[in-house]
Amino acid sequence: MKSVARIMVVDDEKIVRESLSVWLRKFGYEVVPVEGGQEALDILDREEWNILLVDLKMPRVDGIEVLRKAIEVKPGIPVIIFTAYATVETAVEAMKVGACDYLIKPIDPDMLTLKVKKILETQNLTNENVMLRDKIDAIYQFDEIIGNSKSVQEVLEIVGSVAASDASVLITGESGTGKELIAQAIHRNSDRRYKPFVAVSIGALPDTMVESELFGHEKGSFTGASHAHMGRFELADGGTLFLDEVGEMSSKVQVDLLRVLEERACYRLGGNRKIHTDVRVLAATNRVLKKSIEEGTFREDLYYRLNVIGIHLPPLRERGDDVLLLAEYFLRKFCMKMNKKKEGFSPEVIKLFLRYKWPGNIRELENAIERAVVVGKESLVQLSDMPFGGGQKVLEEKTAISLREVEKKHILKVLNETGWNVTRSAHLLEIDRATLYNKIKNYGVSKPRDQR
Amino acid sequence: MRPQELPSKLRIVSLGNTPQNAEERAYSAIQSCFGLNCELLSPEPPPEFALDVLRGQCNSLEILDWLESRFPQPDQWIFGITDVDLAIPVLTFVFGEARLGGRSAVISTFRLHEEFYGRPADTLMLLSRIEKEAIHEVGHMMGLTHCLDRNCVMYPSNSLSQTDVKSIKLCPDCRSNLYS
């Protein structure tokens, strides 16, 4: 049940305080009539009040005095001063001291209703806001960034020190190393944490869409633009924009992005209104951008703009025993989610985890364990529960040909099976579309002529 | 606040000149909405005893006091209709006044006339407003407070547009509160 708003009505004239109290009670408020300034101050901090309605002219302690003390005792408490003897001076003084309104008796009932309603609505929103912030903090208390290895501890240290600043951060690392997780951790530990965190995966968007996605567009700016559309920069205003796979940007988009970062403002496609944005940009890539700069595919000035602080996430194979900690974490997570009970991993699986190269990094590990929890029958996760077709097979193959080659072959096989449906293939491969696009590009895999 | 028990009778009385059929319309509206046993009394004189000469308005609370002493039977409620302008000291005007969970109420037709706002008279409109105000104030006597539903007759109206927008009925929530 909603709590009832409590209002204190202070007036030395009995008829006024009583009639106003009676009138306000009909709105369902709990109203306490008080006969003087001193009496009001006496009970002020003993109880909780939503609004004080105080007469200006009262013997001994007047309305301004009550207002002054009330604000001292309960900062932010809304006080409405009312008087039959209004002067500009008293009105100015009341407002200066901190009254939220100054009304002249007799008061228009519609105006009073509105003012009281507005104050209570604002209080409700403020309370709701505080509650939601607490909730956000509670949700994120548990961090998914797990690891004891030196490299991960170093990363976490940098995250802690850069979070509070507004500096751009470039997060590098192989696919699946948890770049977005790091970006989220930076956002959550920054002063922007109650504002939006907007992630956009540039690699997943066709070139022509990137600009409209980032900067928005006006209605009619291109064929199919039937509505005006807010860009991610606008959506992230006040918060953090995470640009994933920033290495995939075309040179045109790179120029536009650089301009936006420098001017801290953008224009929607087809629009001529300058939109100011207060956005912190975090970027991520699995490419070596230095190499792209040398090759002339990535602008050096943009690189320095994005890479004010650089964080490199090591691949899982270089993180030693972290793989076991992560495996334990994912096992607990999926067991809880699927309501299953698993004690841990068999010694063979642990050996495999430590020897395997994890080309898909943490994402691959997570998917492997999710699968194991689904298919596994025994209390310990067995080798046969692993999705590598018996586990050992992959290890054996690894010695014959490179993993790169295995992955390429497998991707091509899945793509051919699905008739080159990228979404379905990505789903089957348990990777996201953007990653698949990248792999197709990197491996130079192309659609057979007869399927084009 | 809830009334101790429903009255054996709700008595309706006009104080001074009131628009034609005002009491009858209030009578049938109250009866059909709350199912109370109503009775029309002979008219009483205008409430000059409550007049604030400086403001040219009558104090609605004093009228309630007068009604309660003029018709003191504790098991009967008393509902006044007047054509004088009503106010309480702290507010510029009220359309009506009732004791919340009490046994008296009064409404004024003064500001319900179209003519008050410089528009041509509209009797149908006037009578419909009287019905809504009557049900609203009796709702307070029954212990109902204001409702947030703009269509509910218990929505607070401090202007005619609010009165005209709301319906003549209690919303389901208010109706269930009535008998809870």
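Residues numbered from 1 in each chain as written. Chains lettered and ligands numbered in written order. Predicted model: local features only at pLDDT ≥ 70, side-chain atom pairs only at ≥ 80, totals over all residues.

## Let's talk about the overall build of chain B
Note the cut-off: Strands here are runs of E lasting at least two residues and helices are runs of H or I lasting at least four, both read from the DSSP assignment and numbered beginning at the N terminus. Any residue surrounded by 20 or more other C-beta atoms within 10 Å of its C-beta is treated as buried, while 12 or fewer makes it exposed and the intermediate range makes it partly exposed; C-beta atoms here are placed from the backbone. In this description, a residue-residue contact is defined by the distance between C-beta atoms placed from the backbone, which must lie within 7 Å.
Across its full length, chain B carries five helices and eight strands. Reading the secondary structure of chain B in the N-to-C direction produces β-α-β-β-β-α-β-β-β-β-α-α-α. Counting across all 180 residues of chain B, residues that qualify as buried make up 46%. Contacts in chain B between residues far apart in sequence, at least 24 positions, make up 64% of those at least 6 positions apart.

## Focus on the overall build of chain A
From N to C terminus, chain A includes 19 helices and 16 strands. By residue count, 33% of the 452 residues in chain A fall in the buried class. Within chain A, contacts between residues at least 6 apart in sequence are counted, and of these 69% link residues at least 24 apart.

## Looking at the pairing of strand E5 (residues 76-82) of chain B
The two faces of the sheet receive side chains in turn, since in a regular strand these alternate between them. All names here are of chain B. We apply this condition: Pairing between two strands requires that DSSP report at least two bridges joining them.
Along E5, six of the seven residues are buried, which leaves the element largely enclosed by surrounding structure. In terms of strand pairing, E5 meets strand E8 (residues 104-108) through five bridges, oriented parallel. Counterpart to Thr82 in the pairing with E8 is Ser108.

## Remarks on unusual backbone geometry
All names here are of chain A. Across the junction of Lys105 and Pro106, the peptide omega takes the value -10°, indicating a cis bond. Position of Pro106 relative to the elements: it lies in the loop between strand E5 (101-104) and helix H5 (109-139). In this model, Arg60 sits at a positive phi of 60°, which is unusual for a non-glycine residue. Arg60 sits in the exposed class, given 9 other C-beta atoms within 10 Å.

## Comments concerning helix H19 (residues 433-443) of chain A
Residues and elements named next belong to chain A. To keep things clear, this is the line we draw: Think of it as the arc spanned by the lines of direction from the helix axis to the C-beta atoms.
What H19 keeps buried is the set Thr435, Leu436 and Asn438. Seen along its axis, H19 keeps its buried residues to an arc of 160°; they face one direction. At its buried positions, H19 is contacted by helix H18 (422-429). Downstream of H19 by a residue or two, Gly444 has a phi angle that is positive, lying close to 65°.

## Some thoughts on the nonpolar core
Heads up, the rule is: Any nonpolar core is a set of buried residues, restricted to Ala, Val, Leu, Ile, Met, Phe, Trp, Tyr and Cys, that join up through C-beta atoms within 7 Å.
In this structure, Leu53(A) and Ile30(B) are the most contacted members of the largest nonpolar core, which totals 85 residues. Here this core takes seven residues from helix H3 (residues 123-141) of chain B, the largest share from any one element. Those residues within four positions of Leu53(A) in sequence are excluded, and the remaining contacts are Ile7(A), Met8(A), Val9(A), Val10(A), Leu20(A), Ile80(A) and Phe82(A). Among the nonpolar cores identified, the runner-up in size contains 37 residues, and Phe215(A), Leu243(A), Met249(A) and Leu313(A) belong to it.

## Considering the sheet that holds strand E3 (residues 51-52) of chain B
All names here are of chain B. The sheet built from three strands is open, its strands ordered E3-E4-E6 with mixed pairing. The open sheet has two free edges, formed respectively by E3 and strand E6 (86-87), since each of these has just one partner strand. In this structure, E3 lies alongside strand E4 (residues 57-59), joined through two bridges in antiparallel fashion. Residue pairing in the sheet places Asp52 in a bridge with Gln57 of E4.

## Quick notes on the packing of helix H17 (residues 403-417) of chain A against H18(A)
Residues and elements named next belong to chain A. Quick reminder of the rule: With axes taken as lines fitted to C-alpha atoms, and helix axes fitted only over the stretch in contact, angles between N-to-C directions fall between 0 and 180 degrees. Roughly parallel here means an angle under 35 degrees, roughly antiparallel means over 145, roughly perpendicular means 65 to 115, and every remaining angle is called oblique. Crossings are classed by handedness, with left-handed meaning an anticlockwise turn of the near helix from the far one by less than a right angle and right-handed meaning a clockwise turn. Gly falls in the polar group here, along with every residue not listed as nonpolar (Ala, Val, Leu, Ile, Met, Phe, Trp, Tyr, Cys, Pro) or charged (Asp, Glu, Lys, Arg).
Where H17 meets H18, the axes come as close as 9 Å, and the angle between the chain directions of the two elements is 130°. One finds that H17 runs oblique with respect to H18. The element H17 and its partner H18 pack so that their crossing is right-handed. Between H17 and H18, the residues in contact are Ile411, Val414 and Leu415 and Ser425, Leu428 and Leu429, respectively. Of the residues contributing to the contact of H17 with H18, the split by class is five nonpolar, one polar and no charged.

## Let's talk about the interface of chain A and chain B
Taken together, the contacts link 17 residues of chain A with 15 residues of chain B. Of all the secondary structure elements, the ones that give two or more residues to the side of chain A that touches chain B are helix H1 (14-25) and H5 of chain A. When residues in the side of chain A that touches chain B are grouped by element, the largest group, seven residues, is from H1(A). Split into classes, the residues belonging to the side of chain A that touches chain B amount to nine nonpolar, three polar and five charged.

## A word on the confidence of the model for chain A
For clarity, the cut-off: The predictor rates its confidence in each residue with pLDDT, a number between 0 and 100.
Here chain A averages 87 in pLDDT, while 93% of its residues score no lower than 70. Scored below 50 in pLDDT, residues 389-398 of chain A makes 13 contacts in the model with residues more than four places away or belonging to other chains.

## So, the sheet that holds E5(A)
One key point about sheets: their strands pair by backbone hydrogen bonds, in either a parallel or an antiparallel sense. Residues and elements named next belong to chain A. A sheet is described by the order of its strands in space; here five strands give the open sequence E2-E1-E3-E4-E5, paired in parallel fashion. What marks the edges here is a single partner per strand, and that holds for strand E2 (30-34) and E5. For this sheet the average axis-to-axis angle between neighbouring strands, irrespective of direction, equals 20°. Pairing analysis gives four bridges linking strand E3 (residues 51-55) to strand E4 (residues 79-83), with the strands arranged parallel. In the strand pairing of E4, Leu53 is matched with Ile80.

## Side note on the packing of helix H1 (residues 22-34) of chain B against H3(B)
All names here are of chain B. Interhelical geometry of H1 versus H3 gives an angle of 50° and a closest axis separation of 9 Å. As summarised for this structure, H1 and H3 are arranged oblique, according to the angle between their axes. Judged by the sense of rotation from one axis to the other, the crossing of H1 with H3 is right-handed. Contacts from Ala22, Arg25, Ala26, Ala29, Ile30, Cys33 and Phe34 in H1 reach Leu127, Ile130, Glu131, Ala134, Ile135 and Val138 in H3. Residue classes in the contact of H1 with H3 are distributed as eleven nonpolar, no polar and two charged.

## So, helix H7 (residues 179-188) of chain A
Counting buried residues in H7(A) gives eight out of ten residues, a clear majority hidden from the surface. Buried residues in H7(A) make contact with helix H6 (150-163), strand E6 (169-173), strand E7 (197-201), strand E10 (240-244), strand E13 (280-285) and strand E14 (309-313) of chain A.

## What about the environment of Val381(A)?
Residue and element names in this part refer to chain A. Structurally, Val381 can be placed in strand E16 (residues 380-381). Judged by the 25 C-beta atoms lying within 10 Å of it, Val381 is buried. Residues Val381 and Glu343, spaced 38 residues apart in sequence, show a C-alpha to C-alpha distance of 8.1 Å. Filtering out sequence-adjacent residues up to four positions away, Val381 remains in contact with Lys342, Phe345, Ser346, Val349, Ala372 and Gly376.

## Points about the pairing of E3(A)
Residue and element names in this part refer to chain A. Burial analysis of E3 places five of its five residues in the buried class, which makes it a mostly covered element. Neither face of E3 is left uncovered, since the one carrying Ile51, Leu53 and Asp55 and the one carrying Leu52 and Val54 both have all their residues buried. Pairing of strand E1 (residues 6-10) with E3 involves four bridges; the strand directions are parallel. Across the sheet, Val9 pairs through a bridge with Leu53, a residue of E3.

## Topic: the confidence of the model for chain B
Mean pLDDT for chain B: 94, with 97% of residues reaching 70 or above. Across the interface, the model reports ipTM at 0.90; the global pTM reads 0.58.

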